[in-house]
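As a plain string of letters, each chain reads:
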Amino acid sequence: MGYSKEDIIRIVKEEEVEFIRLQFTDIFGQLKNVTITASQIGKAVNNQIMFDGSSIEGFVRIDESDQYLYPDLDTFVVFPWHGAHGKVARLICDVYNADGSPFLGDPRGTLKRVLKRAEKMGFDAFNVGPEAEFFLFQTDEEGKPTTKTNDEASYFDLGPLDHGEVTRREICLALEKMGFEIEASHHEVARGQHEIDFKYTDALRAADNIMTFKLAVKTLAQRSGLHATFMPKPIFGIAGSGMHVNMSLFKNGRNIFNDPEGHKGLSKEAYAFIAGLLYHVKGMTAVTNPLVNSYKRLVPGYEAPCYMAWSASNRSALVRIPAARGQSTRVELRSPDPSCNPYLALAVCLAAGLDGIEQGMVPPAEITENIFAMTPAARKRRGIEALPGTLEEAMTCMKKDKLIMNALGEHVTSQYLAGKEAEWEEYRTRVSSWERDKYIMNY
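In this report, the structure presented in the accompanying data block is examined. (Residues numbered from 1 in each chain as written. Predicted model: local features only at pLDDT ≥ 70, side-chain atom pairs only at ≥ 80, totals over all residues. Heavy atoms only, no water.)

### A few points about the state of the cysteines
Structurally, a disulfide amounts to a covalent bond that connects the sulfur atoms of two cysteines.
Moving on, step 1. One pass over the structure, following the stated rule, counts 0 disulfides.
Moving on, step 2. The closest cysteine sulfur to the non-disulfide-bonded Cys349 is located on Cys340, 8.3 Å from its own sulfur.
Moving on, step 3. The class of Cys349 is buried, set by a relative accessible area of 1%.
Moving on, step 4. No disulfide involves Cys397; its sulfur sits 15 Å from that of Cys306, the nearest cysteine.
Moving on, step 5. When its relative accessible area of 17% is taken as the criterion, Cys397 is described as buried. (Disulfide = S-S within 2.5 Å. Buried < 20%, exposed > 50% of the residue type's maximum accessible area, 1.4 Å probe, protein only.)

Below, the structure is given as structure tokens:
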């Protein structure tokens, strides 16, 4: 878009915008914001808005709390759901220290640092197309979410079975007003489950878009009296929600994963990138699948990949190569879920792939059979390992992967693991309804 400071100050005045949200993301993927009135927009675009970083989980200690928000001017947009009066706009910001240095705990800054590494290796773009799934649930009389869905539809079904269709359409229209290019919108496998796919873009913008998408979905669902959730597995026994990540690397404007002369039309770099993903995926999983609940989705039988293999056609594989070639050649990682912090998830995906290219890694043989139908012995013979089965196991794998920890940086790694270890301990010691149902009568 290429907005200047003057453009933004002018638009705020002309459009009669009353409030501007200066948005940023904490290390656990929660969207935060400092809201200012229109009179403060001049200060905002000149990086003069300060906030207390010690109040944000995983940021800084109370004795070093003053931090500044540096807006990315190209992210300026007026939210389309606030009506003609009381308009609200937003700017996505980077977090800086009081001395003017970038804050090392800012997830957006983490992704920027890995992108810088790709640039030094001669790559001019890392493009990402996310496919985020979510559930729409009814709310109770107090407005709290239930797991009821009033929806009998399945994959690609159309109304009257798909009761979420109207809300999904509203979300798509709102996103298009905000500059998104919506490629597809459809009902997913499970009742109440939906997917909206938007056009690929460079990784930083893609991560920004994922955060904006989640906000739009939740806001517009609430306005329809529904609750939208990106929880990976809200209901036992049906499919969970994933966020497949389609990736491609460009050099001098050319997709370097494409090679018409290569095996299956793929280049050596594409195979090395696949190999890097497979080599580091265990160490990445605590980031791409960050919740205790994430591991209830990564089980056999529901299309979610839980075995480490790649294929050009097989949807049970962790890494899939969609059929399109030429500039559209891409590598799809199918394990991430939409609860992840997109900045950190894309940072570790890129770091893993670049390591594969740098080390000249070669992936194992393609697996064309249905991996879920294989016996454990057959998988072992083919060298197919499983992804971590719990958040605790994923954290153990992360601690062993120096490349992933270096990509995140010391601050993010230590704070992230501390937060996730506390989450795991809380889960481990909490008595669940399953335990009561199972044991309270018999024992």
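### Some details on the packing of aromatic side chains
Remark: the centre distance and the inter-plane angle together describe each pair of aromatic rings, the angle taken between the planes.
Moving on, step 1. Within the structure shown, the criterion is met by 18 aromatic pairs.
Moving on, step 2. With centroids separated by 5.7 Å and ring planes inclined at 50 degrees, the aromatic side chains of Phe134 and Phe230 adopt a geometry described as tilted. Pair noted here: Phe134 is in strand β7 (residues 125-138) and Phe230 is in the loop between β11 (226-229) and β12 (243-251), with a separation of 96 residues, a long-range link. As far as the burial class goes, Phe134 and Phe230 line up, both buried. (Phe/Tyr/Trp six-rings, centres within 6.5 Å; stacked < 30°, edge-to-face > 60°. Helix = DSSP H or I, 4+ residues; strand = E, 2+ residues; numbered from the N terminus.)

### Details of the packing of helix α3 (residues 107-120) against helix α8 (residues 342-359)
Moving on, step 1. It is the contact of α3 with α8, at a shortest axis distance of 8 Å, that shows an interaxial angle of 20 degrees. Regarding the angle of α3 to α8, the classification is roughly parallel. Crossing angle aside, the handedness with which α3 passes α8 is left-handed. Together, Pro107, Arg108, Thr110, Leu111, Val114, Leu115, Arg117 and Ala118 of α3 and Tyr343, Leu344, Leu346, Ala347, Leu350, Ala351, Leu354, Asp355 and Glu358 of α8 make up the contact between the two elements. (Axes fitted to C-alpha atoms, helices over the stretch in contact; angles between N-to-C directions. Parallel < 35°, antiparallel > 145°, perpendicular 65-115°, else oblique. Left-handed = near helix turned anticlockwise from the far one by under 90°. Contact = heavy atoms within 4.5 Å.)

### Let's talk about the layout of surface pockets
Moving on, step 1. If you add up the space inside the largest pocket, you get close to 790 Å³.
Moving on, step 2. For the largest pocket, the lining is made up of 43 residues, of which Glu131, Glu195, His244, Asn246 and Glu332 are closest to its centre.
Moving on, step 3. Where the lining of the largest pocket is concerned, the elements lending two or more residues are β7, β8 (182-187), β9 (193-198) and β12.
Moving on, step 4. The element contributing the most residues to the lining of the largest pocket is β7, with 6 residues.
Moving on, step 5. Classifying every residue of the lining of the largest pocket by side-chain character gives 16 nonpolar, 13 polar and 14 charged. (1 Å grid on protein atoms, 1.4 Å probe; cavity = no way out; pocket = protein on both sides within 12 Å on 5 of 7 lines; lining within 4 Å. Points joined across faces, edges and corners; volume = space filled by probe spheres on them. Nonpolar A, V, L, I, M, F, W, Y, C, P; charged D, E, K, R; others polar.)

### Thoughts on the pattern of salt bridges
Moving on, step 1. Taken as a whole and assessed by the stated rule, the structure comprises 20 salt bridges.
Moving on, step 2. Here Glu332 and Arg334 are joined by a salt bridge, their closest N and O atoms 3.3 Å apart.
Moving on, step 3. For Glu332, a relative accessible area of 1% corresponds to the buried category.
Moving on, step 4. According to the relative accessible area criterion, Arg334 is buried, its value standing at 2%.
Moving on, step 5. A cluster of three or more residues bridged by salt bridges with shared partners is formed by Asp72, Asp94, Arg108, Lys112, Arg205 and Asp208. (Salt bridge = Lys/Arg side-chain N within 4 Å of Asp/Glu carboxyl O.)

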